[in-house]
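Coordinate analysis (summary)
For reference, the chains in residue letters:
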Amino acid sequence: AQSVTQLDSHVSVSEGTPVLLRCNYSSSYSPSLFWYVQHPNKGLQLLLKYTSAATLVKGINGFEAEFKKSETSFHLTKPSAHMSDAAEYFCVVSDQNSSYKLIFGSGTRLLVRP
Amino acid sequence: GAVVSQHPSWVICKSGTSVKIECRSLDFQATTMFWYRQFPKQSLMLMATSNEGSKATYEQGVEKDKFLINHASLTLSTLTVTSAHPEDSSFYICSARDRGTGGLGSNQPQHFGDGTRLSIL
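**Here we look at the interface of chain A and chain B**
At the junction of the two partners, chain A supplies 20 residues and chain B supplies 24 residues. Interface area, chain A with chain B, both sides summed: about 1700 Å², of which 54% is carbon and sulfur. Along the contact surface separating chain A from chain B lie 2 salt bridges. Of the charged contacts in the structure, one is a salt bridge between Glu59 of chain B and Lys101 of chain A, with a shortest N-O distance of 2.7 Å. For the pair chain A and chain B, the number of links is 6 residue pairs in polar contact (both at pLDDT 80 or more). Within the residue set of the side of chain A that touches chain B, elements represented by two or more residues are strand E5 (32-38), strand E6 (44-50), strand E10 (87-95) and strand E11 (101-104) of chain A. Per element, the largest residue contribution to the side of chain A that touches chain B is 4 residues, and it comes from E5 of chain A. Taken together, the residues of the side of chain A that touches chain B sort by class into 8 nonpolar, 9 polar and 3 charged.

**What about the sheet that holds strand E3 (residues 19-25) of chain B?**
Adjacent strands of a sheet pair through backbone hydrogen bonds, lying either parallel or antiparallel. Residue and element names in this part refer to chain B. The 4 strands lie next to each other as E1-E3-E8-E7, forming an open sheet whose pairing is antiparallel. Looking at the sheet topology across the chains shown, the edges are occupied by strand E1 (4-7) and strand E7 (67-73). Pairwise comparison of adjacent strand axes, ignoring direction, gives a mean angle of 15° for this sheet. By the bridge criterion, 4 bridges tie E1 to E3 in an arrangement that is antiparallel. Within the sheet, the bridge partner assigned to Gln6 lies in E3 and is Cys23.

**Topic: the layout of surface pockets**
Considering only enclosed or pocket space, the largest pocket measures out at about 400 Å³ in volume. Lining of the largest pocket is provided by 19 residues; of these, Glu88 and Arg109 of chain A together with Pro40, Lys41 and Gln42 of chain B occupy positions nearest its centre. Looking at the lining of the largest pocket residue by residue, the classes come out as 5 nonpolar, 9 polar and 5 charged. Counted as a void, the second largest pocket has a volume near 240 Å³. Taken together, 14 residues form the lining of the second largest pocket, with Leu44, Gln45 and Leu46 of chain A together with Ala2 and Phe112 of chain B sitting closest to its centre. Of all the secondary structure elements, the ones that give two or more residues to the lining of the second largest pocket are E5 and E6 of chain A together with strand E10 (110-112) of chain B.

**Looking at the packing of aromatic side chains**
Counted according to the given criterion, the structure contains 11 aromatic pairs over all chains. Ring centres of Tyr50 of chain A and Phe74 of chain A lie 6.2 Å apart, and the angle between their planes is 50°; this geometry places the pair in the tilted category. Remark: Phe74 of chain A occurs in strand E9 (residues 73-78) and Tyr50 of chain A occurs in strand E6; sequence separation between them is 24 residues. Exposure remark for Phe74 of chain A: the relative accessible area of 0% places this residue in the buried category. An aromatic cluster is present here, built from Phe34, Tyr36, Phe90 and Phe104 of chain A together with Tyr36 and Phe112 of chain B joined pairwise through their rings.

**Things to note about the state of the cysteines**
Residues and elements named next belong to chain B. As enumerated under the stated definition, the model contains 2 disulfides over all chains in all. For Cys23, the disulfide goes to Cys94, at an S-S distance of 2.0 Å. Since a negative S-S torsion denotes a left-handed disulfide, the Cys23-Cys94 link at about 80° is right-handed. Here Cys23 is found in strand E3, whereas its partner Cys94 is found in strand E9 (residues 90-97), with 71 residues between them in sequence. Under the relative-accessibility criterion, Cys23 is labelled buried at 0%. The class of Cys94 is buried, set by a relative accessible area of 0%. Here Cys13 is not cross-linked by a disulfide; its sulfur's nearest cysteine counterpart is in Cys94, at 18 Å.

**Section: the pattern of salt bridges**
Side-chain pairs of opposite charge can arise where the charged atoms are in close proximity. One pass over the structure, following the stated rule, counts 8 salt bridges over all chains. For Lys78 of chain A, the salt bridge is made with Asp85 of chain A, and the minimal N-O distance between the two is 2.8 Å. For the pair Lys78 of chain A and Asp85 of chain A, one class covers both residues: buried. A salt bridge links Lys66 of chain B to Asp88 of chain B, with the nearest nitrogen and oxygen atoms 2.8 Å apart. Of this pair, Lys66 of chain B sits in the loop between strand E6 (57-58) and E7 while Asp88 of chain B sits in the loop between strand E8 (76-81) and E9, and the two are 22 residues apart along the sequence. The class for Lys66 of chain B is buried, based on a relative accessible area of 12%. Look at Asp88 of chain B and you get buried, because its relative accessible area is 5%.

Quick notes on the rules
- Residues numbered from 1 in each chain as written.
- Chains lettered and ligands numbered in written order.
- Predicted model: local features only at pLDDT ≥ 70, side-chain atom pairs only at ≥ 80, totals over all residues.
- Heavy atoms only, no water.
- Contact = heavy atoms within 4.5 Å.
- Buried area = accessible area lost by both parts, 1.4 Å probe.
- Salt bridge = Lys/Arg side-chain N within 4 Å of Asp/Glu carboxyl O.
- Polar contact = N/O pair within 3.5 Å; in protein donor to acceptor, adjacent residues only side chain to side chain.
- Helix = DSSP H or I, 4+ residues; strand = E, 2+ residues; numbered from the N terminus.
- Nonpolar A, V, L, I, M, F, W, Y, C, P; charged D, E, K, R; others polar.
- Pairing = 2+ DSSP bridges.
- Axes fitted to C-alpha atoms, helices over the stretch in contact; angles between N-to-C directions.
- 1 Å grid on protein atoms, 1.4 Å probe; cavity = no way out; pocket = protein on both sides within 12 Å on 5 of 7 lines; lining within 4 Å.
- Points joined across faces, edges and corners; volume = space filled by probe spheres on them.
- Phe/Tyr/Trp six-rings, centres within 6.5 Å; stacked < 30°, edge-to-face > 60°.
- Buried < 20%, exposed > 50% of the residue type's maximum accessible area, 1.4 Å probe, protein only.
- Disulfide = S-S within 2.5 Å.

By themselves these figures say nothing about function.
What follows is the structure, given as structure tokens:
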């Protein structure tokens, strides 16, 4: 079975400092992985996706993630946090065994201090 | 591109009434749409997969007669919460996968609506 684990429920950073949101996956196949962001009372916006092309994936708003098969990780990073980055972030894997339904991590709430 | 519109964004109604939520793909055709439920401070829980022109596939534990799903066209799916009660209060989110880049078996991203906050008094 495929799954994702987000290692931190909350991450707090100061504005202008780097962001690291951690995600580990479990998959029997080469996975398709995504990061989505959710602002309060809103739906989800796709930040980036990995589908077995380049291991370093660049997304929107300056975010990027690196797929590391040896570590089964897909951590999300950003060099410099902005106040508008404060939101909930979900690491997601696409379940190839079940019509590519999405399996969500538990989410990480990013807090950005002024 | 890839905009999904969900309506209404907020509903407050009395216990026992039925509520319909619409999910539209505005600039693409979606063979498959998905309905999720999200409780406060929790992740999304898939309720059902909506397939255009056929019956929806419900996840285990989701009542089919309670949550009626209709996917009558390639751009519209509806979720009707029948005889709603306070325990049905939640945040409901739909998503759609672009038919042009993949159908049911595709691993293409899902595009999400902005959600519907349902409050049953």
